[in-house]
Amino acid sequence: MSLPRTLGELRQSSFSEEKIRGRRVKDELRDNLMARLCHDGPMFPGIVGYDDTVIPQIVNAVLSRHNFILLGLRGQAKSRILRALTTLLDAQTPYIAGCEIHDNPYSPICGRCRLEIARLGEDTPIAYLTPDERYVEKLATPDVTIADLIGDIDPIKAARSGHELGSEMIVHYGLLPRANRGIFAINELPDLAGKIQVGLFNIMQEGDVQIKGYPVRLPLDVALVFSANPEDYTARGKIITPLKDRIGSEIRTHYPASLEEGIAITVQEAWTQRNGYRLHIPKYVQEVIERIAFAAREDKKIDKRSGVSQRLPISCMENVISNAERRAIRHQEKVVVPRIGDVYAALPAITGKLELEYEGEMKGADFVGRELIRTAIAKAYDGFFKGTDMNQIVQWFDLGGQIQMADTAASSEALQALRGIQGLMEKLVKLNVGPKDSTESQVSAAEFVLEGLYAHKRIGRNEERVFAAGEKQPKPAEKPFEREDAPYRGRRPFN
Ligand SMILES: [Zn+2]
């Protein structure tokens, strides 16, 4: 299908004046959303875990033609949701070719286009925008200026050009006018200086704004969407009341409610499909990685108000796979199977994403990270092995047995050694792993059992990853897992 190339052709096409002239962005979003509501299937593909909470509220906001704000902690897919709104835009949007602000062919707001139409009439050339080209995103920072966001005037140039000051002909457009007829997303809105928020408000409300003291008229057509961290929303910065008042809906995001949803997001987002080696990620490794984030979100040593991003398990997963890849390449193994040892090796993907409270800072990020991994392993282990008698394995260690499980060790050698531990390999049936599975899978599964026993302190393990007898415990029975948190002492006081 070839698209009309002139205003005259456009008029005769499905992009008729009747259809396009008054079709504002928010009407378009609403129309396309209504069409999508008629069909089954996901409203926004790729957004996981929000079907019953965030998505219905966004649908309502769009149906209401609201500007809206997403409030949530870091790593809750706020930017991703805002970007997903482009799927509600028309496939092709005609505009006057060459216009910096993508003027509507039937009602241009800029002087250049009005002159163009006066000169060329029905031959005025038409160009088209795709949905992606109609999405403009800006991370708010305190140094964003009116010039960045709305535009600038060069008074000398203006005087020379003979245009009346304040005419849009002498405006160098900022981001917002360039988003005309599209979606403009501002992330971390409270970080925007109050003066800029006022400018933003004026242009939304009145269609005009003052730049360097000159009034400029810009009746833009933009769907404005924002995101903010609820902490900053009230504390660090603020949103000026008139602007806040103009934001129709305030929608709260959240972290995945269940482990399964968390795993689904991590699997979707992490870079797992790599060139080269075949990859098998065991279920328990996925679980341990996800449980690290869940444990961190509950841990008193970690700042609740900044949250623990979903990027933690995603980056962690990527590093875990890389560590397993490194081992597989070294030993020319056929399949990459991550082990729990690889999760410990992925500490660099974890520590940087934890905002520590005072107590956490005292202990250090590495210590806190290791403890979270251990907590995650213990919980995942319980899910698979609760009630399973592991005494035979523990006894093997108590009788002086030792085994080193370096994360770099070749699977073939490791399996040889693991088979020497009486009672171990047959327990792997609980993980759906048997003697017919790959060497790599069997080693990974067996190591998970040992790491689980270590996490429960039934056996010991040193820095060199040598598993050995644990310190003698008064009760031989398996204790329910307990964390070693010291009493909560709160944040570091300011003096
Ligand atoms: Zn124009």
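Data block above holds the structure.
Residues numbered from 1 in each chain as written. Predicted model: local features only at pLDDT ≥ 70, side-chain atom pairs only at ≥ 80, totals over all residues. Heavy atoms only, no water.

### Some details on the coordination of the zinc ion
What counts, and what does not: Any N, O or S atom lying within 2.8 Å of the metal counts as a donor, and for Na, K and Ca the limit rises to 3.2 Å; water is left out, so some sites can look incomplete. Every geometry call rests on angle ranges, with four donors termed tetrahedral when all angles are between 85 and 135 degrees, four termed square planar and six termed octahedral when opposite donors are over 155 degrees apart and all others are between 65 and 115, and everything else termed irregular. Classification of residues uses two cut-offs on accessible area relative to the type maximum, computed with a 1.4 Å probe and protein chains only: under 20% is buried, over 50% is exposed, and between them is partly exposed.
Every protein donor of the zinc ion is listed here as Cys99 (SG), Asp103 (OD), Cys110 (SG) and Cys113 (SG), and their distances to the metal cover 2.1 to 2.3 Å. Around the zinc ion, the four donor atoms are arranged such that angles at the metal cover 97 to 127°; this shape is classified as tetrahedral. A residue is classified by how much of its surface remains accessible, and Cys110, at 4% relative accessible area, is buried.

### Description of the pairing of strand β11 (residues 249-252)
What counts, and what does not: Starting at the N terminus, helices and strands are each numbered in turn, a helix being any DSSP run of H or I of at least four residues and a strand any DSSP run of E of at least two. A pair of strands is treated as paired once DSSP finds two or more bridges between them.
Judged by which residues are buried, β11 turns out to be one-sided: Ser249 and Ile251 face inward and are buried, whereas Glu250 and Arg252, on the alternate face, are not. In this sheet, β11 lies alongside strand β1 (residues 68-71) in parallel orientation, the contact comprising four bridges. Bridging from a neighbouring strand, Phe68 pairs with Ser249 of β11.

### Quick look at the side chain of Thr124
The line we're drawing: For the purposes of these results, a polar contact is taken to be a pair of N or O atoms within 3.5 Å, where, inside protein, one atom must be able to donate a hydrogen and its partner to accept one; residues adjacent in sequence count only when each atom of the pair is a side-chain atom. By the convention used here, residues are in contact when the closest approach between their heavy atoms is within 4.5 Å.
Looking at where Thr124 falls in the secondary structure, it is placed in the loop between α6 (111-120) and β3 (126-129). On the basis of relative accessible area, Thr124 is assigned to the buried category, the value being 1%. A polar contact is formed between the side chain of Thr124 and the backbone oxygen of Gly121, at a distance of 2.6 Å. Contact partners of Thr124, with chain neighbours within four places excluded, come to Arg5, Thr6, Leu7, Ile96, Glu116 and Ile117.

### Section: the pattern of salt bridges
Let me state the cut-off plainly: Any carboxyl oxygen of Asp or Glu that lies within 4 Å of a side-chain nitrogen of Lys or Arg is treated as forming a salt bridge with it.
Considering all chains together, one arrives at 25 salt bridges under this definition. In this structure, Arg23 engages Asp90 in a salt bridge whose closest nitrogen and oxygen atoms are separated by 3.0 Å. With Arg23 in the loop between α2 (17-20) and α3 (25-37) and Asp90 in the loop between α5 (78-84) and β2 (93-96), this residue pair connects regions lying 67 residues apart in the sequence. The burial state of Arg23 is the same as that of Asp90; both residues are buried.

### Focus: the sheet that holds strand β4 (residues 135-139)
Either a parallel or an antiparallel arrangement is found when strands of a sheet pair, and the pairing is made through backbone hydrogen bonds. Formally: To obtain each axis, a line is fitted to C-alpha atoms, and for helices this fit is confined to the stretch in contact; angles are then taken between N-to-C directions over 0 to 180 degrees.
Sheet architecture is open: five strands sit in the order β4-β7-β10-β1-β11, paired in parallel fashion. Among the strands making up the open sheet, the edge pair consists of β4 and β11. On average, each strand axis in the sheet is inclined to that of its neighbour by 20°, with strand direction left out of account. α3 contacts β7 (182-187) and β10 (222-228) of the sheet and is inclined by roughly 80° relative to β10. Contacting β1 and β11, helix α4 (residues 54-63) crosses the sheet at an angle of about 165° to β11.

### Describing helix α19 (residues 365-385)
What counts here: Multiplying one less than the number of residues by 1.5 Å gives the expected span of a helix.
An ideal rise of 1.5 Å per residue puts 30 Å on 21 residues; α19 measures up with 30 Å between its terminal C-alpha atoms. Once α19 ends, the next one or two residues include Gly387, with phi positive near 85°.

### Thoughts on the side chain of Ser249
Examined against the element boundaries, Ser249 turns out to sit in strand β11. Classification of Ser249 by relative accessible area gives buried; the value is 16%. Among the polar contacts made by the side chain of Ser249, one reaches the side chain of His66 at a distance of 2.8 Å. Setting aside residues no more than four positions away along its own chain, Ser249 makes contact with Ala61, His66, Asn67, Phe68 and Ile69.

### Considering the packing of α3 against α4
Packed helices, taken two at a time, are described by their axes: the angle between them and the distance between them. We count it as follows: Roughly parallel means an angle under 35 degrees; roughly antiparallel, over 145; roughly perpendicular, 65 to 115; everything else is oblique. Three classes are used: nonpolar for Ala, Val, Leu, Ile, Met, Phe, Trp, Tyr, Cys and Pro, charged for Asp, Glu, Lys and Arg, and polar for all others, with Gly counted as polar.
Viewed as axis vectors pointing N to C, α3 and α4 meet at an angle of 135°, and their least axial separation amounts to 9 Å. As the angle between them shows, α3 and α4 are arranged oblique. Contacts between α3 and α4 pair Leu29, Arg30, Leu33, Met34 and Leu37 from the former with Val59, Val62 and Leu63 from the latter. The class makeup of the residues in the contact of α3 with α4 is seven nonpolar, no polar and one charged.

### Notes on the nonpolar core
Quick note on the threshold: In this description, a nonpolar core means a group of buried Ala, Val, Leu, Ile, Met, Phe, Trp, Tyr and Cys residues linked to one another through side-chain atoms lying within 4.5 Å.
Of all hydrophobic cores here, the largest spans 62 residues; its most connected members are Leu354, Leu418, Phe448 and Leu450. Looking at this core, the elements with two or more residues in it are α14 (283-298), α15 (311-330), α16 (340-345), α19, α20 (391-398), α21 (411-419) and α22 (439-455). With 10 residues, the top contributor of residues to this core is α19. In this structure, Ile96, Ile146, Phe201 and Leu224 belong to the second largest nonpolar core, which totals 42 residues.

### A word on the environment of Met405
Position of Met405 among the secondary structure elements: in the loop between β14 (403-404) and α21. Through-space distance from the C-alpha of Met405 to that of Gln197 is 57 Å; in sequence the pair is 208 residues apart. The residues contacting Met405, other than those within four sequence positions of it, are Ala414, Leu418, Val443, Glu447, Arg465 and Phe467.

### Focus on the pairing of strand β16 (residues 466-469)
The pairing of β14 with β16 spans two bridges and is antiparallel. Of the residues in β16, the one forming a bridge with Gln404 is Val466. Where strand β15 (residues 459-461) and β16 come together, three bridges link them in antiparallel fashion. Residue pairing for β16: Gly460 is matched across the bridge by Ala468.

Without other data, these values stay purely geometric and don't point to any function.
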